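Spelled out from the first residue to the last, the chains are:
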Amino acid sequence: MAYYSFWLARLRSSSKSILSSLRTSKFSTQNTRTRTLITLSSDNSSRNGTPFQLFSASLLPLALAASAGSLAMQSQTHPSLCDSSALDSRDVNIGGKGSTEYVVKGSHKEIPQELVDELKAICQDDMTMDYEERYIHGKPQNSFHKAVNIPDIIVFPRSEDEVSKIVKCCDKHKVPIIPYGGATSIEGHTLSPNGGVCIDMSLMKSVKALHIEDMDVVVEPGIGWMELNEYLEPYGLFFPLDPGPGATIGGMCATRCSGSLAVRYGTMRDNVINLKVVLANGDVVKTASRARKSAAGYDLTRLIIGSEGTLGIITEVTLRLQKIPQHSVVATCNFPTIKDAADVAIATMLSGIQVSRVELLDEVQVRAVNIANGKNLPELPTLMFEFIGTQAYSHEQTLIVQKIVSEHNGTDFIFAEDPEAKKELWKMRKEALWACFAMEPSFEAMISDVCVPLSCLAELISRSKKELDASPLICTVIAHAGDGNFHTVILFDPSKEEDRQEAERLNRFMVHTALSMEGTCTGEHGIGTGKMKYLEKELGTGALETMKRIKVALDPNNIMNPGKLIPPHICF
């Protein structure tokens, strides 16, 4: 009897596994705004699975057969549930261990007309199936990543209620959802490898409440950080995170971004008080109160920040604000080597000075700035600082750093206090990516985003720089040197596969070097599809399996931005 009970239990477990496999495999991945043509099939192929029926039975032979069939299915047709080592001898899915692919594959299922009608009833005219619009939304504007499919429908909700209704409809029909913000992400976050419904949040951009005495603001996710700061300026307040121009607050939360001011004010996770989120079943959840600190329950706010749209869609954000500094000074200086510049950045942080920015540009990046803007700046490794506070305090900080610079072979130390002069100096940093494209307008860019403990930064940059300089490709270095985060812009000809492979090799070299120093593959750009292949080495399978359990619990139909963040070979 005990033996019979064992197999009956095994049958129940197998049945659940098969059902789960069928649910999640429909849209599991296999693995903006450019006009580069991607060859797409005019009729996206669909994969229609054969209906499965499972029957409970009391016969031992049936239990044995079902169990054996389940195990076969798990190990052969659903890699995400099997031992990851089984993938090593086969073609690796995009994002899997060892993957070098950049075109993200995926299955596609034709959108039911019933769903189209339901979305039309919700969104009215705020919806499109126009091919050009779908293509633009399916190809990130700043990313070389591509996908085999594009979204089937674009919807533009105007309220949280509309978002909830849209998500409920998609969940009912098991159709993928791709949240869409400012389209400035560079790791394929907004790709639609399985087609589906793209939810563009650009119409939800209002400021819902400003609490001046509490120094916080409640906003919708579609507002940009630059627009928000224009709104806040008359009140003497600002939101301190400053990623690329065009980034929206919702997308900044989703990727856990930061920017040049993170060394002083922290990253997105430090500046969000609470969120409202629409989960995969359409439920709306508020993650916390408006109190500046709380020890009440799980920290759902931090769970959603950085989840890249895989757990829910952000519909409201309460942000921590800062007073606009009374006075600021911007300084620049040059160095004979990039290691000297990195050493000064580290020495400055160790001195205890509370700088608000420490940015590093190598000589190639300065050359790009000269070409793009018609300037004649010394083409040497350059550090840029910003000091804030009272006028006396800012000057004191400037003099201390000037002394540190002189002790590390630094030259041409200049500083500016005039608003226009400061703006002009920072312009060369904020427009660095566009300056790179001025050197090779027809090329694409692969951008690295490694971050290491501060003490390792000089060594990491030095080792990377040697590799970059030896490459035939044009490579620039840009670093948030105050917190150990640095980027390289690797320009390559997209028509030459050997160039793309060389860019991938350089990127991989820097990531693995950073990981060997207890660093990370991404300091602020996020994972998307481009960095999944490095996560197991960085975090280990235990952490990734835990993430996948959270994903399955909150999104059992795998509709929320599928194919992103969690590598496809992760099993549990």
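Details of the structure are given in the entry above.
Below you will find a few notes about this structure. Computed from a prediction, not measured in an experiment: that's the story for all the values here.

A few words now on the overall build of the protein chain. In terms of regular secondary structure, the protein chain is built from 19 helices and 21 strands. Within the protein chain, the proportion of its 572 residues that are buried is 55%. As presented, the protein chain carries roughly 24500 Å² of accessible surface, and 53% of it is formed by carbon and sulfur atoms.

Our next topic: the sheet that holds strand E8 (residues 216-219). The strand order E7-E8-E12-E10-E11 describes an open sheet built from five strands, whose pairing is antiparallel. Bordering the open sheet on either side are strand E7 (207-211) and strand E11 (284-286), each of which pairs with just one other strand. Averaged over neighbouring strand pairs, the angle between their axes works out to 15 degrees when direction is ignored. As judged from the seven bridges shared by strand E10 (residues 272-279) and strand E12 (residues 312-320), these two strands associate in the antiparallel manner. The residue bridging Val272 from the neighbouring strand is Leu319, located in E12. The sheet strands contacting helix H5 (residues 160-173) are E10, E11 and E12, and the helix crosses E10 at an angle near 40 degrees.

Along any regular strand, the residues point their side chains to alternate faces of the sheet. Most of E12 sits out of view: nine of its nine residues are buried. One ladder, built from four bridges, connects E8 with E12; its direction is antiparallel. Counterpart to Asp216 in the pairing with E12 is Arg320.

In this section: the pattern of salt bridges. Considering all chains together, one arrives at 30 salt bridges under this definition. Across the salt bridge formed by Lys146 and Glu444, the nearest N and O atoms sit 3.6 Å from each other. A residue pair is termed long-range when its members are at least 10 positions apart, and Lys146 in strand E3 (residues 146-147) and Glu444 in strand E18 (residues 444-447) qualify at 298 residues. Across the pair, Glu444 and Lys146 agree in class, each one buried. We note a salt bridge from Glu386 to Arg357, for which the minimum N-O separation is 2.8 Å.

Here is what the cut-offs are and how they apply
Residues numbered from 1 in each chain as written. Predicted model: local features only at pLDDT ≥ 70, side-chain atom pairs only at ≥ 80, totals over all residues. Heavy atoms only, no water. Helix = DSSP H or I, 4+ residues; strand = E, 2+ residues; numbered from the N terminus. Buried < 20%, exposed > 50% of the residue type's maximum accessible area, 1.4 Å probe, protein only. Areas by Shrake-Rupley, 256 points an atom, 1.4 Å probe, with all protein chains shown as cover. Pairing = 2+ DSSP bridges. Axes fitted to C-alpha atoms, helices over the stretch in contact; angles between N-to-C directions. Contact = heavy atoms within 4.5 Å. Salt bridge = Lys/Arg side-chain N within 4 Å of Asp/Glu carboxyl O.

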